[in-house]
Amino acid sequence: MSPSVKSAEAIKIVVAGGNYAGLNAMQHLYSILLASNNESIQRPSIEITLIDQRDGFVHCIGLTRGLTEPEFGANLWVPYSTVSWLQHPSIRLVRGTVTEITPNAVHLSSGQTVAFDYLIIALGLSRFAPIGLRSSTKAEYIDEIAETHTRIQAAQTVAIVGGGAVGIELAADVKSDFPDKQVTLIHSRALPVPGPFKDEFRHMVVDILKEIGVDLVLGERVIAQTPESEDMSYNTTKEMNCTPPELVGTMSSDAELTLASGRTIRADLAIRCLGTLNKSSLLHLPLAANDIFGADGIAVKDTMQIDCDAYPHIYACGDISSRALVKLAGVGMYGAFIAARNVARSILSLPLEDGERYPPQLMLLMGKDHFALQLGDEIWEKERTREHVHEDMGLRRCIECLSLHKEPEYVRLD
Ligand SMILES: Cc1cc2nc3c(=O)[nH]c(=O)nc-3n(C[C@H](O)[C@H](O)[C@H](O)COP(=O)(O)OP(=O)(O)OC[C@H]3O[C@@H](n4cnc5c(N)ncnc54)[C@H](O)[C@@H]3O)c2cc1C
């Protein structure tokens, strides 16, 4: 039995970040350590703290459509206050921005320090606005998406820069919801969809975008833009030490984009969908080697503990971990499931378990009737893919999987 179990004080578990990965970790910690059970097993006294800068879950997968259809977008935010089991007396919800993580405490911008015996880091990665959200409450979020929607609605020509998954889905959603607008997607490489995918898949995506009516400018890098969007001067090397990307505007009205070839493209609204920033710089763990904080995120073991033997009580999952090449909600939720079980196993003095690794996959939802899926090496036929596409972009399924509208059942670990 670990020293903490013997002590009279409650064992402190902190989950930093409460979205797909963090909430799934919370759910499984709750099932194992707090849910009511009819067995006469003595469970240690536990206090679980969830820290997030927001007051609710956000179904990010639906965000591009949330910007083009704000009524749909409003449903994507589910306040924690509506999740019954999060109100358990042994769970503490702390709204705050994490500025630093040290070996035994999480430090917030308010000056508050939250000590832990075990920590699960699930802070995701940073995206620039408007996909990266600056809001911390649902009311602010509804205003935020309405503001972007108004700008999209007012523009007759929209240029989207960056043919990654987000740029593709945004271009497709804008064109599908506003067929009269001219929508152009500009990407620096000859084919869109960077990452470990087949050219056959990329060609399929190109064909779908053309069918929807999106104009494609491929193999052309934007080298200048007037007026300059705020992210163009963003110093990525400073990461979280400068303005968070969510507060940095990537939209420019009446924009002129100059391409490397010298060609210029004018657009009533230009939106840059370029890259993400990792949050590794929040971690100050003196005994960890620098190379566990790579560009792809924090290196973790198969147990989801960070890859440093000096800190076996710190776990990382979801987009902030380097677990998967392609960052996906499902991968994050699975990693969180393993992390939560292993925290509980450690507290209950059971051997830790390893998570499996899954092949890279990507499903692109391009408007309501077009989608493409590559799973491992396999590219799926449209009709086969359709069976896995949800009209609400998976919102209900995620609510169900994360038990946001029901009580998670007790789970016994053996
Ligand atoms: C437009 C779009 C479409 C996508 N489509 C798909 C898809 O079809 N399928 C799929 O599987 N994945 C998709 N993804 C990726 C998916 O959304 C991510 O993989 C997923 O969000 C990762 O979950 P996470 O919990 O690790 O991080 P996040 O969901 O980013 O959650 C991080 C949490 O940490 C909080 N946080 C962050 N920093 C701080 C801080 N400093 N202090 C306090 N709190 C903080 C945030 O508020 C948030 O609640 C899509 C993403 C986008 C943007």
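What counts, and at which threshold
- Residues numbered from 1 in each chain as written.
- Predicted model: local features only at pLDDT ≥ 70, side-chain atom pairs only at ≥ 80, totals over all residues.
- Heavy atoms only, no water.
- Pairing = 2+ DSSP bridges.
- Helix = DSSP H or I, 4+ residues; strand = E, 2+ residues; numbered from the N terminus.
- Axes fitted to C-alpha atoms, helices over the stretch in contact; angles between N-to-C directions.
- Contact = heavy atoms within 4.5 Å.
- Domains from an automatic or database assignment.
- Buried area = accessible area lost by both parts, 1.4 Å probe.
- Salt bridge = Lys/Arg side-chain N within 4 Å of Asp/Glu carboxyl O.
- Nonpolar A, V, L, I, M, F, W, Y, C, P; charged D, E, K, R; others polar.
- Expected span 1.5 Å × (residues − 1).
- Buried < 20%, exposed > 50% of the residue type's maximum accessible area, 1.4 Å probe, protein only.
- Near = heavy atom within 4 Å.
- Polar contact = N/O pair within 3.5 Å; in protein donor to acceptor, adjacent residues only side chain to side chain.
- Areas by Shrake-Rupley, 256 points an atom, 1.4 Å probe, with all protein chains shown as cover.
- 1 Å grid on protein atoms, 1.4 Å probe; cavity = no way out; pocket = protein on both sides within 12 Å on 5 of 7 lines; lining within 4 Å.
- Points joined across faces, edges and corners; volume = space filled by probe spheres on them.
- Right-handed = clockwise from strand over helix to strand, strands pointing away.

1. Remarks on the sheet that holds strand β20 (residues 314-316)
Now for step 1: Pairing is parallel in the open sheet, where 5 strands are placed in the order β5-β2-β1-β9-β20. Strands with a single pairing partner mark the edges of an open sheet, and in this sheet they are β5 (91-95) and β20. The average angle at which neighbouring strand axes cross in this sheet is 15°, direction not considered.
Now for step 2: Where strand β9 (residues 118-121) lies against β20, 3 bridges are found, and the strand directions are parallel. Opposite Ile121, over in β20, you have Ala316 as the bridge partner.
Now for step 3: Contacts from helix α8 (residues 329-347) reach β1 (11-16), β2 (46-52), β9 and β20 within the one sheet, and its direction differs from that of β9 by about 175°.

2. Notes on the domain arrangement of the protein
Now for step 1: Splitting the protein by domain gives domain 1 (3-125 + 278-359 + 392-401) and domain 2 (155-274).
Now for step 2: Spacing between the C-alpha centres of domain 1 and domain 2 amounts to 32 Å.
Now for step 3: The interface of domain 1 with domain 2 comprises 14 residues on the first partner and 12 residues on the second.
Now for step 4: Approximately 1,000 Å² of surface area, both sides summed, lies buried where domain 1 meets domain 2, with 57% of it carried by carbon and sulfur atoms.
Now for step 5: The largest contributions to the domain 1 side of the interface with domain 2 come from Thr64, Thr68 and Ser281, which together make up 45% of the buried area.
Now for step 6: The interface formed by domain 1 and domain 2 includes 1 salt bridge.
Now for step 7: Between Arg65 and Asp173 there is a salt bridge, with its nearest N and O atoms 3.1 Å apart.
Now for step 8: Broken down by class, the residue content of the side of domain 1 that touches domain 2 amounts to 7 nonpolar, 4 polar and 3 charged.

3. Re helix α2 (residues 20-34)
Now for step 1: Given a rise of 1.5 Å per residue, 15 residues ought to cover 21 Å, and the 20 Å separating the end C-alpha atoms of α2 matches this to within 8%.
Now for step 2: Taking burial as the measure, the 15 residues of α2 include 15 buried ones, the bulk of the element.

4. Considering unusual backbone geometry
Now for step 1: With omega at 5°, the peptide bond leading from Ala129 into Pro130 counts as cis.
Now for step 2: Positionally, Pro130 belongs in the loop between β10 (126-127) and α5 (138-154).
Now for step 3: Cis geometry is adopted by the peptide bond preceding Pro227, which originates at Thr226 and carries an omega value of -15°.
Now for step 4: Note on placement: Pro227 falls in the loop between β14 (222-226) and β15 (251-259).
Now for step 5: Look at Val193: it is not a glycine, yet its phi comes out positive at around 65°.
Now for step 6: On the secondary structure map, Val193 appears in the loop between β12 (182-187) and α7 (199-212).
Now for step 7: Given a relative accessible area of 1%, Val193 falls into the buried group.
Now for step 8: With a phi close to 75°, Met304 is a non-glycine residue in the positive phi region.
Now for step 9: One can find Met304 in the loop between β19 (297-298) and β20.

5. Some details on the site of the ligand
Now for step 1: Around the ligand, a shell composed of 29 residues is seen, among which Asp52, Val98, Lys279, Asp319 and Ala329 lie nearest.
Now for step 2: A distance of 2.9 Å is found between an oxygen atom of the ligand and a side-chain nitrogen or oxygen belonging to Asn19.
Now for step 3: Here Asp319 contributes a backbone N or O atom positioned 2.8 Å from an oxygen atom of the ligand.
Now for step 4: For the ligand, whose free accessible area comes to 990 Å², the fraction covered by protein is 92%.
Now for step 5: Going through the elements one at a time, α2, α6 (165-177) and α8 are the ones with two or more residues in the shell around the ligand.
Now for step 6: Residues of the shell around the ligand, tallied by class, amount to 12 nonpolar, 10 polar and 7 charged.

6. Focus: the layout of surface pockets
Now for step 1: One number sums up the size of the second largest pocket: a volume of about 200 Å³.
Now for step 2: When residues of the lining of the second largest pocket are assigned to their parent elements, the largest contribution, 3 residues, is made by α8.

7. Observations regarding α5
Now for step 1: Taking 1.5 Å of rise per residue, the 17 residues of α5 would be expected to cover 24 Å, and the 24 Å separating its terminal C-alpha atoms lies within 8% of that figure.
Now for step 2: Summarising the contacts, the buried residues of α5 are in contact with α3 (63-68), α4 (70-74), β4 (77-79), α6, β15 and β16 (264-272).

8. Side note on empty space enclosed by the protein
Now for step 1: A full pass over the atoms with the stated rule returns 1 cavity of 30 Å³ or more.
Now for step 2: In this structure, the largest cavity occupies an estimated 60 Å³ of space.

9. Quick notes on the pairing of strand β11 (residues 157-161)
Now for step 1: Among the 5 residues in β11, 5 count as buried, and that is most of the element.
Now for step 2: Residues of β11 alternate between two faces, with Thr157, Ala159 and Val161 on one and Val158 and Ile160 on the opposite face, all of them buried.
Now for step 3: Where β11 and β12 come together, 5 bridges link them in parallel fashion. In the strand pairing of β12, Ala159 is matched with Thr184.
Now for step 4: Chirality of the crossover, the property in question, places the unit of β11, α6 and β12 among those that are right-handed.

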